[in-house]
Amino acid sequence: MGTSLPLPKYHQIYLVLREQLQEGRFDQDGVPGELALATQFEVARITVRKAMEMLVADGLVSRRPGLGTWPTRHAPADSARDAGSATKRPRQKAHLVGLMENIVNMGLRTSVHVLDSELVNASPAVADSLEIPVGTPVHKSLRVRSTEAGPLSHITTYVPQAVANFSRADLERQPLLMLLEAAGVEFGGATQTIGARLADAQIGRHLDVAVGSALLSVVRLVRDVNDRPVQLLHGLYRPDRYQYQLQLSRVGDIDAKVWVSEELSAQFH
């Protein structure tokens, strides 16, 4: 498991699993077993066991004999609420016109590979963000976009089935926002949270980076004109091939020094 991070392998695995727990990835099926994780991360089981012991010590998981390892209920729930509230706090809004133009531009200049597209039941974290009951049918899609230089981004999106129906073939032809627009969705606004994530083994393979590599993380919640959430997006981008550019202008008198955004664009190569 090659990586340039000066951390023991078990600590790298701990950090990756902690992030996955926080996003609710193991809420429905539990955490994979030691053998499966050892195979995924290409390490010995004792290395995985050390990482799991750290998660148990942090109160993030509980190990139940005969039942496997499961997220501690309050920990993922609190993390999901924190993530959901982060997207709902007053944060920088992306103008939908600029957002649509940016997506169209990316679609024209990149190629897309649809890894998976299926109808699933909304997990607690996804349901909280989309403001729907847990278990509501949602379209979950996984895609990788690439430029001539190679893989650029790994995108996971969730769209309530009640909002729109589309197929895998549709996603291979058009950006998802265009499909929603064609289904009659009138976009009203979007909020974005930009941060950093570590690549796990699966993401590392798709983006051609080492496990534990730093990636640009974007969580975007798109709403319609009635303030109904219509799309939740989790994007992971290679920072050497992608960057955001935010243009600001000052409003009010010179003493106010209040800055607001005018446009959000993305640069990639």
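Structure: above.
Note that the coordinates shown come from a computational prediction; the quantities given were computed from them, not determined experimentally.

Visitor: Describe the sheet that holds strand E8 (residues 229–237), naming the residues involved and giving the relevant values.
Guide: With respect to topology, six strands assemble into an open sheet ordered E3-E4-E5-E8-E7-E6, the strand pairing being antiparallel. Every other strand in the sheet has two partners, leaving strand E3 (111–121) and strand E6 (187–198) as the edge strands with one partner each. Going from strand to strand, the sheet's axes swing by 15 degrees on average, the running direction of each strand aside. Relative to E8, strand E7 (residues 214–224) is paired through eight bridges, and the arrangement is antiparallel. Across the sheet, the residue bridging to Leu221 is Leu232, located in E8.

Visitor: Describe the packing of helix H2 (residues 34–41) against helix H3 (residues 45–57), listing the residues and the values that go with them.
Guide: Packing of H2 against H3 brings their axes to within 9 Å, and their N-to-C directions diverge by 110 degrees. As summarised for this structure, H2 and H3 are arranged roughly perpendicular, according to the angle between their axes. Here Glu34, Leu35, Leu37 and Ala38 of H2 come into contact with H3, specifically with Arg45, Val48, Arg49 and Met52. In terms of residue class, the contact of H2 with H3 is built from five nonpolar, no polar and three charged.

Visitor: Describe the packing of aromatic side chains, listing the residues and the values that go with them.
Guide: Following the criterion strictly, the structure yields one aromatic pair and no others. Residues Tyr237 and Tyr242 carry aromatic rings whose centres are separated by 4.2 Å and whose planes lie at 20 degrees to one another, so their mutual orientation is stacked. Summarising the burial analysis for this pair, Tyr237 and Tyr242 share the class buried.

Procedures and definitions
Residues numbered from 1 in each chain as written. Predicted model: local features only at pLDDT ≥ 70, side-chain atom pairs only at ≥ 80, totals over all residues. Heavy atoms only, no water. Pairing = 2+ DSSP bridges. Helix = DSSP H or I, 4+ residues; strand = E, 2+ residues; numbered from the N terminus. Axes fitted to C-alpha atoms, helices over the stretch in contact; angles between N-to-C directions. Parallel < 35°, antiparallel > 145°, perpendicular 65-115°, else oblique. Contact = heavy atoms within 4.5 Å. Nonpolar A, V, L, I, M, F, W, Y, C, P; charged D, E, K, R; others polar. Phe/Tyr/Trp six-rings, centres within 6.5 Å; stacked < 30°, edge-to-face > 60°. Buried < 20%, exposed > 50% of the residue type's maximum accessible area, 1.4 Å probe, protein only.

Structural measurements only, silent on function.
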